[in-house]
Amino acid sequence: MLEKVLKGNKVYWGWLAILLALMAVGAVCYGKQLVNGLTITGMSRDVSWGFYIAQFTFLVGVAASAVMMVIPKYLHDYKAYGKILIFGEFNAVAMVCLCLMFIIADLGSPQRLMNIIIHPTPNSMLFWDMIVLNGYLLINIFVGWITLQAYRKEVAPPQWIKFFIYLSIPWAVSIHTVTAFLYCGLPGRGYWMDAILASRFLASAFAAGPAFLIILLYIVKATTSFDPGKEALKSLGKTIAYAMSINLFLVLCEVFTVNYSNIPSHLHHWHYLFFGDGVLVPWMWTSMSMCFVGVLILIVPSNRESDNMLIFGCLFVFIGAWIDKGLGMIGGGFVPNALMEITEYVPTQLELGVALGIYAAGFLILTMLTKIAVGVKLEVGE
Amino acid sequence: MKNTRRKFLKVAGLAVLGWSMRPASRLMAAHGAQSAEGLFMASKHGAPKHGEGLHAGRWIMLIDTNKLTPAIEQKCINACHTNHNVPDIETKQNIKWIWAEPLHNVFPEQMHENIPGGTERTTLVLCNHCTNPPCVRVCPTKATFQREDGIVMMDFHRCIGCRYCMAACPYGSRSFNFMDPRPHIKDAIPEFPTRTKGVVEKCEFCSERLAEGKLPYCVEVSEGAMMFGDLEDPESEVRKVLASRYSIRRKPELGTEPGVYYLI
Ligand code: SF4
Ligand code: SF4
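Residues numbered from 1 in each chain as written. Chains lettered and ligands numbered in written order. Predicted model: local features only at pLDDT ≥ 70, side-chain atom pairs only at ≥ 80, totals over all residues. Heavy atoms only, no water.

**Quick notes on the interface of chain B and chain A**
Turning to step 1, where the next piece is worked out: On the side of chain A, 45 residues touch chain B, which itself brings 53 residues to the contact.
Turning to step 2, where the next piece is worked out: For the chain B and chain A pair, buried surface summed over both sides reaches about 4000 Å², with 53% attributable to carbon and sulfur atoms.
Turning to step 3, where the next piece is worked out: The three residues of chain B that bury the most area against chain A are K92(B), I160(B) and Y164(B), which together make up 17% of that side's buried surface.
Turning to step 4, where the next piece is worked out: The tally of links between chain B and chain A comes to one salt bridge.
Turning to step 5, where the next piece is worked out: A salt bridge links R163(B) to D106(A), with the shortest nitrogen-to-oxygen separation between them at 2.6 Å. (Contact = heavy atoms within 4.5 Å. Buried area = accessible area lost by both parts, 1.4 Å probe. Salt bridge = Lys/Arg side-chain N within 4 Å of Asp/Glu carboxyl O.)

**Quick look at the site of ligand 2**
Turning to step 1, where the next piece is worked out: In the vicinity of ligand 2, the contacting residues are C139(B), P140(B), T141(B), A143(B), M154(B), C159(B), I160(B), G161(B), C162(B), R163(B), C165(B) and V200(B).
Turning to step 2, where the next piece is worked out: A per-class count over the shell around ligand 2 returns nine nonpolar, two polar and one charged. (Near = heavy atom within 4 Å. Nonpolar A, V, L, I, M, F, W, Y, C, P; charged D, E, K, R; others polar.)

**What about the sheet that holds strand β10 (residues 247-248) of chain B?**
Residues and elements named next belong to chain B.
Turning to step 1, where the next piece is worked out: Taking strand neighbours across the sheet as the criterion, the four strands line up as β9-β2-β11-β10 in an open arrangement whose pairing is mixed. A single partner strand is all that each edge strand has here, and the edge strands are β9 (226-230) and β10.
Turning to step 2, where the next piece is worked out: Sheet analysis places strand β2 (residues 59-64) next to strand β11 (residues 260-263), joined by four bridges and oriented parallel. Counterpart to D64 in the pairing with β11 is L263.
Turning to step 3, where the next piece is worked out: Along the sheet, helix α8 (residues 237-244) contacts β2, β9, β10 and β11; its crossing angle with β9, the most-contacted strand, is approximately 115°. (Pairing = 2+ DSSP bridges. Helix = DSSP H or I, 4+ residues; strand = E, 2+ residues; numbered from the N terminus. Axes fitted to C-alpha atoms, helices over the stretch in contact; angles between N-to-C directions.)

**Structural notes on the packing of aromatic side chains**
All names here are of chain A.
Turning to step 1, where the next piece is worked out: Summed over the entire model, instances satisfying the criterion amount to 32 aromatic pairs over all chains.
Turning to step 2, where the next piece is worked out: On the numbers, 5.2 Å between centres and 85° between planes, the contact of W192 with F334 is edge-to-face. Placement of W192 in the loop between α7 (161-184) and α8 (197-223) and of F334 in helix α13 (residues 307-334) is noted, with a sequence separation of 142 residues between them.
Turning to step 3, where the next piece is worked out: Residue classification places W192 among the buried residues on the basis of a relative accessible area of 0%.
Turning to step 4, where the next piece is worked out: Taking relative accessible area as the criterion, F334 reaches 1% and is therefore assigned buried. (Phe/Tyr/Trp six-rings, centres within 6.5 Å; stacked < 30°, edge-to-face > 60°. Buried < 20%, exposed > 50% of the residue type's maximum accessible area, 1.4 Å probe, protein only.)

**Quick word on the packing of α7(A) against α8(A)**
All names here are of chain A.
Turning to step 1, where the next piece is worked out: Between α7 and α8, the least distance of the axes is 8 Å, while the angle of their chain directions is 135°. The angle between α7 and α8 falls in the class oblique. Here α7 and α8 pass one another in a crossing that is right-handed. Of the residues in α8, those in contact with V173, H176, T177, T179, A180, F181, Y183 and C184 of α7 are L197, A198, F201, L202 and A205. (Parallel < 35°, antiparallel > 145°, perpendicular 65-115°, else oblique. Left-handed = near helix turned anticlockwise from the far one by under 90°.)

**Some remarks on the nonpolar core**
All names here are of chain A.
Turning to step 1, where the next piece is worked out: Counting residues in hydrophobic clusters, the biggest one holds 150 residues, and the most contacted among them are W49, F56, F102, Y183 and W192.
Turning to step 2, where the next piece is worked out: Per element, the largest residue contribution to this core is 16 residues, and it comes from α8.
Turning to step 3, where the next piece is worked out: In terms of domain composition, this core takes at least three residues from each of domain 1 (1-184 + 348-382) and domain 2 (190-221 + 237-346).
Turning to step 4, where the next piece is worked out: In this structure, Y183 is in contact with W49, I53, T57, W192, L197, F201 and I330, ignoring residues within four places of it in sequence. (Core = buried A, V, L, I, M, F, W, Y, C linked by side-chain atoms within 4.5 Å. Domains from an automatic or database assignment.)

**Comments concerning the domain arrangement of chain A**
Residue and element names in this part refer to chain A.
Turning to step 1, where the next piece is worked out: According to the domain assignment, chain A consists of domain 1 (1-184 + 348-382) and domain 2 (190-221 + 237-346).
Turning to step 2, where the next piece is worked out: Just the C-alpha atoms count here: the centres of domain 1 and domain 2 sit 21 Å apart.
Turning to step 3, where the next piece is worked out: Each partner contributes residues to the interface: domain 1 has 42 residues there, and domain 2 has 31 residues.
Turning to step 4, where the next piece is worked out: Here domain 1 is connected to domain 2 by zero salt bridges.
Turning to step 5, where the next piece is worked out: For the side of domain 1 that touches domain 2, the secondary structure elements donating two or more residues are α2 (51-64), α3 (67-75), α4 (85-106), α7 and α14 (349-380).
Turning to step 6, where the next piece is worked out: If one sorts the elements of the side of domain 1 that touches domain 2 by residue count, α2 sits on top with nine residues.
Turning to step 7, where the next piece is worked out: In terms of residue class, the side of domain 1 that touches domain 2 is made up of 25 nonpolar, 15 polar and two charged.

This is the structure in structure tokens:
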């Protein structure tokens, strides 16, 4: 099936060329980081994690969201997802690769990466994150590949693959849960120390992930003759509306608890993010409004019928969730710092350059996997 | 210091072989292979109990907030930073092992503005060498570890620079080498290792001095404003002071059990 990535039209090759160029830019920036250290980033003693770790956190969610199709398809026999499930699985593969690249980019001493394996430390959540992420990567490569191959040969996939498919359901939940546990188990970080953080992460991921997938499928539809089927896209839109509503509800729960209890160590972070003159204030309001508008659009059934409205709703939800997790979650956690001082964090150009290169690499993987999936689907004649 | 590190590596190696499920609090006394780490608890490692040097069941530090003056504070900071090759970096990517902070920043939830002298008054802050150190709990490589005598140490050769420990420390005690520190050290002391870019560092309670039978640098130059001793020895000076004066610790509600006490 791999040969499918070698055949494509001008648009395909042009897109790959753009991605490769961006990867080259990223490589140059990363080279600078390797030589000079993380000093090329905007991070500091007080805000010691930044854009990289935030992207990782967000993308874990996008990866986990494949489960929003696996559950209906395999537990409820919802046939409409049968056709597009492979895209969810391959998307998960690309997103986990992105996560791993972002973690490595964030390491101060990447040459010692293997120390995590040489000196396994189960009391560290990072150890478990490594296990669940790599496990999820393997499960999705495996399941995606086997089912696609069976599909191509027009036979039923082997019965034992079901085991891995069912396994992928709790496993998907685990990757985002463990990622939340990285943060919410830390004493003294009031913004993160909160038992509903994992549920919030999952809810916003189950909105942002399918939103991304819908946009991806519309792009596939526009650039190839493959039709994902309106029914499936509409249903995914419904999932997004509910998941994002739950996320907003959970945010409101937190807003109430934090404000009504009035405990400074929790309150300060919210005030920094939403009031005052911090750099993130406009972003956070934009994020919340976009999520809210996205829900308003997608919750109305007739809007989900219309391609344009569906795409709009997805864009709003996706960008809103990205700002919330990809910018606010990390910045808000570190500011104010342990001594109640405010140190602002703004990523530098080089830092964004590295991130851009990583994103390009992830999208390269996504493009090629999607190409394979579309190629097989069209070959069999869907 | 080199010696302790080597010993630690040996102990860690053996501990991996005989991984123990016992919680750290019930660990056996540290004698080579007998020291093991709990699977779900912070790992603990033996500190030299015999031979030369100072030994304790649990090292703690007392800081007398009334005796400290800005001048003494600066002396302490200089003594520590020059002798530990701490680079002098002016940006917010700076490195600090010990530094001065206003009281209301040090004790954000324990102070009110009407205390004698006001809360703008500064005091010294450094790593608290917590009994339950969150930094050790989260480190994915055991590059930061706790000795049996309570000192929380760093293995600069093992740290991968993930900075998880910095997120976990509720006191902001840790610094990261965002850049190569060496160009920023004026006169490097050959006796103490310089660090490389990409690793985390912090105060180590002058473990290298204790091994030589000396007290930490800051204590030595503090003109009596700081004390150092064994919490587990009822006859020790620090225990006597704790019994006679009112003392507080930073963020006690977090359960970290800091080993640095502030006399008020
Ligand atoms: S003060 Fe911070 S760095 Fe020091 S032992 Fe406690 S948690 Fe670790
Ligand atoms: S930065 Fe180093 S010491 Fe800190 S948690 Fe990571 S590996 Fe451990």
